[in-house]
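One-letter residues, chain by chain:
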Amino acid sequence: MQVTLTTIFLLCCSNVFMAFAWYAHLKELHNKPWLIAALISWGIALFEYLLQVPANRLGYTVMSFAQLKILQEVISLGVFVPFSIWYLKAPLKLDYLWAGLLLCGAAYFIFRAK
């Protein structure tokens with residue numbers, strides 16, 4: 001259980017960096033050339049990968065590839081929704097709930113015991 005919790009923690013942290021790397025330039029660097037935005041995003045993404053790679057290596061000791069991928073998607077949405085509302089000032093939409101419920105279904109099917 002400790003490995004799973006550590007994996008989830010590292011993936012959550014990595015997704016915070018990912019959200020900033022992928023989307024913060026749209027708000028903060030919209031008036032800069034795309035190359036500048038890409039270089040800054042790559043710099044932020046380095047920290048994402050420094051957390052994500054160890055998380056996946058650790059998680060793979062107790063989970064399958066499919067389980068790691070679905071876990072990543074659930075965490076990604078769980079981080080992205082608050083990020084988009086808080087940082088990007090996007091409105092909260094009911095579609096987030098539907099997407100989250102579908103991902104919960106995916107998690108159920110990929111993690112259920114056979």
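No experiment lies behind these values; they were computed from the predicted model shown. (Residues numbered from 1 in each chain as written. Predicted model: local features only at pLDDT ≥ 70, side-chain atom pairs only at ≥ 80, totals over all residues. Heavy atoms only, no water.)

What follows deals with the UniProt feature "transmembrane region" (unreviewed entry) in the protein. Per the UniProt entry, the sites bearing "transmembrane region" (unreviewed entry) are residues 34-51, 71-88 and 94-111 in this numbering. End C-alpha to end C-alpha, residues 34-51 measures 26 Å, and it is 100% helix and 0% strand. Overall, residues 71-88 shows 89% helix and 0% strand. The separation of its end C-alpha atoms is 24 Å. (UniProt positions renumbered as here; feature names shortened; annotations may be inferred. Helix = DSSP H or I, 4+ residues; strand = E, 2+ residues; numbered from the N terminus.)

Below, the discussion takes up the packing of helix α1 (residues 2-28) against helix α2 (residues 34-59). Viewed as axis vectors pointing N to C, α1 and α2 meet at an angle of 165 degrees, and their least axial separation amounts to 8 Å. By the criterion of interaxial angle, the relationship of α1 to α2 is roughly antiparallel. Of the two possible hands of crossing, α1 and α2 adopt the one that is left-handed. Considering only residue class, the contact of α1 with α2 consists of 16 nonpolar, eight polar and one charged. (Axes fitted to C-alpha atoms, helices over the stretch in contact; angles between N-to-C directions. Parallel < 35°, antiparallel > 145°, perpendicular 65-115°, else oblique. Left-handed = near helix turned anticlockwise from the far one by under 90°. Nonpolar A, V, L, I, M, F, W, Y, C, P; charged D, E, K, R; others polar.)

Along the chain, Q52 falls in helix α2. Overall, the relative accessible area of 16% leaves Q52 in the buried class. Discounting residues that sit within four places of it in the chain, Q52 has contacts with L11 and S14. (Buried < 20%, exposed > 50% of the residue type's maximum accessible area, 1.4 Å probe, protein only. Contact = heavy atoms within 4.5 Å.)

Here the focus is the pattern of salt bridges. All chains considered together, the criterion is met by one salt bridge. A salt bridge links E73 to K69; the shortest N-O distance between them is 2.6 Å. Of the two residues, E73 and K69 are both situated in helix α3 (residues 65-86); the distance of four residues between them amounts to about one turn of the helix. With relative accessibility at 30%, the residue E73 sits in the partly exposed group. Owing to a relative accessible area of 46%, K69 belongs among the partly exposed residues under this scheme. (Salt bridge = Lys/Arg side-chain N within 4 Å of Asp/Glu carboxyl O.)

On the surface, a nonpolar cluster with roughly 380 Å² of combined accessible area is contributed by F17, L46, F47 and L50. Looking at the nonpolar patch, the element that brings in the most residues is α2, giving three residues. When you line up the elements, L46 lands in helix α2. When its relative accessible area of 47% is taken as the criterion, L46 is described as partly exposed. (Patch = residues over 30% accessible without salt bridge, like charges linked within 9 Å, V, L, I, M, F, W, Y side chains within 5 Å. Areas by Shrake-Rupley, 256 points an atom, 1.4 Å probe, with all protein chains shown as cover.)

For the rest of this paragraph, the subject is the environment of H25. With respect to the element layout, H25 can be found in helix α1. For H25, a relative accessible area of 23% corresponds to the partly exposed category. Once the C-alpha coordinates of H25 and L35 are considered, the two residues, 10 residues apart in sequence, prove to be 11 Å apart. Setting aside residues no more than four positions away along its own chain, H25 makes contact with F20, H30, A37 and S41.

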